[in-house]
Amino acid sequence: QVQLVESGGGLVQSGGSLTLSCAASRINFNIYTMAWYRQAPGKQRESVATITPLGSIEYSDSVKGRFTISKDNIKNTVYLQMNTLKPEDTAVYYCHARGPTRGFDYWGQGTQVTVSS
């Protein structure tokens, strides 16, 4: 059974840093695209950062230059290093895995990140 388990969320002051982790079970990082999404109260879920099997990376404009996505293929874990956090980064952050064909699409349970001003 595929599992994505996020950790590392919490409360941090504006300007601070957090690192989120997503431990993946039964996911082959060599064929799955991994991503971090977030959803703030009253807003739609949005993509934050994506890393492909070959390591190509994309960021949303709102986090570019502040967040870094990375993965460890041995530990089957994907990370999101978040620096210079802002109150508008407050959201539930979700780990997502997308396989090479339709029907292979998985979400973690989410981890709360709260940035105080």
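Residues numbered from 1 in each chain as written. Predicted model: local features only at pLDDT ≥ 70, side-chain atom pairs only at ≥ 80, totals over all residues. Heavy atoms only, no water.

Some words on unusual backbone geometry
Where the residue is not glycine, phi is negative for most of them; where a peptide bond is considered, it is trans in most cases.
Link 1 in the chain: The phi torsion at Arg26 lies on the positive side, around 60°, for a residue other than glycine.
Link 2 in the chain: Looking at the secondary structure, you find Arg26 in the loop between strand S3 (18-25) and strand S4 (33-39).
Link 3 in the chain: With a phi close to 45°, Thr84 is a non-glycine residue in the positive phi region.
Link 4 in the chain: In this fold, Thr84 is placed in the loop between strand S8 (77-82) and strand S9 (91-98).
Link 5 in the chain: On the basis of relative accessible area, Thr84 is assigned to the partly exposed category, the value being 45%. (Helix = DSSP H or I, 4+ residues; strand = E, 2+ residues; numbered from the N terminus. Buried < 20%, exposed > 50% of the residue type's maximum accessible area, 1.4 Å probe, protein only.)

Structural notes on the sheet that holds strand S1 (residues 3-7)
Link 1 in the chain: Read from one edge to the other, the open sheet built from four strands follows the order S1-S3-S8-S7, with strand pairing classed as antiparallel. The sheet is open, and its two borders are formed by S1 and strand S7 (67-72), each paired with just one other strand. Going from strand to strand, the sheet's axes swing by 15° on average, the running direction of each strand aside.
Link 2 in the chain: Both S7 and S8 contribute to a ladder of six bridges, which runs antiparallel. Bridge pairing links Asp72 to Thr77 in S8. (Pairing = 2+ DSSP bridges. Axes fitted to C-alpha atoms, helices over the stretch in contact; angles between N-to-C directions.)

Overview of the state of the cysteines
Link 1 in the chain: Tallied over the entire structure, the rule returns one disulfide.
Link 2 in the chain: The disulfide that involves Cys22 links it to Cys95, with 2.1 Å between the sulfurs. As the torsion about the S-S bond is roughly -80°, the Cys22-Cys95 disulfide counts as left-handed. Placement of the pair is Cys22 in strand S3 and Cys95 in strand S9, with a sequence separation of 73 residues. Per residue, the accessibility class of Cys22 equals that of Cys95, and both read buried. (Disulfide = S-S within 2.5 Å.)

Quick notes on the side chain of Arg66
Link 1 in the chain: The topology assignment puts Arg66 in the loop between strand S6 (57-59) and S7.
Link 2 in the chain: Here the side chain of Arg66 touches Ser62 through a polar contact of 2.9 Å, landing on its backbone oxygen.
Link 3 in the chain: Setting aside its immediate chain neighbours within four residues, Arg66 contacts Gln81, Met82, Asn83, Thr84, Leu85, Lys86 and Asp89. (Polar contact = N/O pair within 3.5 Å; in protein donor to acceptor, adjacent residues only side chain to side chain. Contact = heavy atoms within 4.5 Å.)

Considerations on the pairing of strand S5 (residues 46-51)
Regular strands show a simple pattern: their side chains alternate between the two faces of the sheet.
Link 1 in the chain: Relative to S5, S4 runs antiparallel, the two sharing five bridges. Among the inter-strand pairings, Trp36 is bridged to a residue of S5, identified as Ala49.
Link 2 in the chain: Between the end of S4 and the start of S5, which pair antiparallel, lie six residues, with Gly42 showing a positive phi angle near 75°.
Link 3 in the chain: Strand direction decides the pairing type here: S5 and S6, joined by three bridges, are antiparallel. Across the sheet, the residue bridging to Thr50 is Glu58, located in S6.
Link 4 in the chain: Hairpin connection between S5 and S6: a loop of five residues separates the two successive antiparallel strands, and Gly55 in this loop has a positive phi of roughly 95°.

Everything listed is a geometric property; what it means functionally is a separate question.
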